[in-house]
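Below, each chain spelled out in residue letters.
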Amino acid sequence: MKHQPTIRQPFEKILRNKHGFTLLESVIALALFTLIIGTVYPLLKNSQLFLTRHDKLSELIQNNRIALRRLVREARYATAITNVGDASWEPGHYEFDTNYLLNNDDNIEHFHYATEYGQLVQEINMGYGYGPPVVVAENVASLITSYDSTTHVVHFVLTTSYKGKLYTTESSTKARTK
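Reading the values: rules and limits
Residues numbered from 1 in each chain as written. Predicted model: local features only at pLDDT ≥ 70, side-chain atom pairs only at ≥ 80, totals over all residues. Heavy atoms only, no water. Helix = DSSP H or I, 4+ residues; strand = E, 2+ residues; numbered from the N terminus. Buried < 20%, exposed > 50% of the residue type's maximum accessible area, 1.4 Å probe, protein only. pLDDT = per-residue confidence, 0-100. Expected span 1.5 Å × (residues − 1). Pairing = 2+ DSSP bridges. Axes fitted to C-alpha atoms, helices over the stretch in contact; angles between N-to-C directions. Contact = heavy atoms within 4.5 Å. Polar contact = N/O pair within 3.5 Å; in protein donor to acceptor, adjacent residues only side chain to side chain.

Colleague: Could you clarify how one ought to interpret unusual backbone geometry in this entry?
Modeller: Unlike most non-glycine residues, Asn-139 shows phi in positive territory, near 60°. Here Asn-139 lies in the loop between strand 5 (134-138) and strand 6 (140-148). Judged by relative accessible area, Asn-139 falls into the partly exposed class, the value being 36%. One non-glycine residue, His-152, lies in positive phi territory at about 65°. Tracing the backbone through its elements, the reader meets His-152 in the loop between strand 6 and strand 7 (153-162). Judged by its relative accessible area of 24%, His-152 is partly exposed.

Colleague: I keep staring at the confidence of the model for the protein and nothing clicks. Help me out?
Modeller: Note that predicted coordinates carrying low pLDDT should not be read in detail. Here the protein averages 77 in pLDDT, while 72% of its residues score no lower than 70. The spread of mean pLDDT over the elements of the protein runs between strand 2 (residues 94-99), the lowest at 57, and strand 8 (residues 165-174), the highest at 89.

Colleague: Which parts of the structure should I look at to understand helix 2 (residues 23-76)?
Modeller: In an α-helix there are 3.6 residues to a turn, and that puts residues three or four apart on one side. Helix length check: helix 2, at 54 residues, gives a terminal C-alpha distance of 78 Å against a target of 80 Å (1.5 Å per residue), a fit within 8%. Residues of helix 2 that are buried include every one of Leu-57, Leu-60, Asn-64, Ala-67, Leu-68, Leu-71, Val-72, Glu-74 and Ala-75, and no others.

Colleague: What exactly am I supposed to notice about the sheet that holds strand 8 here?
Modeller: Strand pairing in a sheet takes place through backbone hydrogen bonds and is either antiparallel or parallel in direction. In spatial order, the strands read 6-7-8; together these 3 strands make up an open sheet with antiparallel pairing. Lying at the two open borders of the sheet, with one neighbouring strand each, are strand 6 and strand 8. Each strand axis lies, on average, 10° off the axis of its neighbour in the sheet, ignoring direction. Sheet topology note: the strand 7/strand 8 ladder contains 10 bridges and is antiparallel. Following the sheet pairing, Thr-159 is matched in strand 8 by Thr-168. Set on the sheet, helix 2 makes contact with strand 6, strand 7 and strand 8; between it and strand 7 the angle comes to about 160°.

Colleague: Whenever I open this one, the environment of Thr-168 confuses me. Can you help?
Modeller: Mapped onto the elements, Thr-168 comes out in strand 8. Between the C-alpha atom of Thr-168 and that of Val-157, which follows or precedes it by 11 residues, the distance is 6.8 Å. In contact with Thr-168, not counting residues within four places along its chain, are Val-157, Leu-158 and Thr-159. At 3.5 Å, the side chain of Thr-168 forms a polar contact with the side chain of Thr-159.

What follows is the structure, encoded as structure tokens:
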């Protein structure tokens, strides 16, 4: 009966070889390792940069949607809208009054929104002066508002910039004016 070689026999032969790897084998293995790592690393780095950029852009767009929803919600409950399209105001500024407690004129809140230094800021006056400005959105290029006093429809266009590109979000609502 002939002896069948097993898988372990070649490895046992290598292990019995006390000489180890030659310098040429080591150099070839190092060159292959360097080639593989040199090819894979830039691909992984580019993927990471793409994902980071995409995440920042997604967050920016989502924050602008939230800011626009806030504007729309507050304008929807407005009892009076002023200074929209008024020539005395800079572009991106508008004001409106709202009364969250029905038929209670003592609790009117006066909202003022403005774009300043690339930010959309909100100030609220509850009858005793404006509070500190609150940043509602960042990287804002412009806020354009229009108001139709016959239909009481307010239209918002919020434009933001990111890496030299402009992204626009817009919405409309009907105000609850008296």
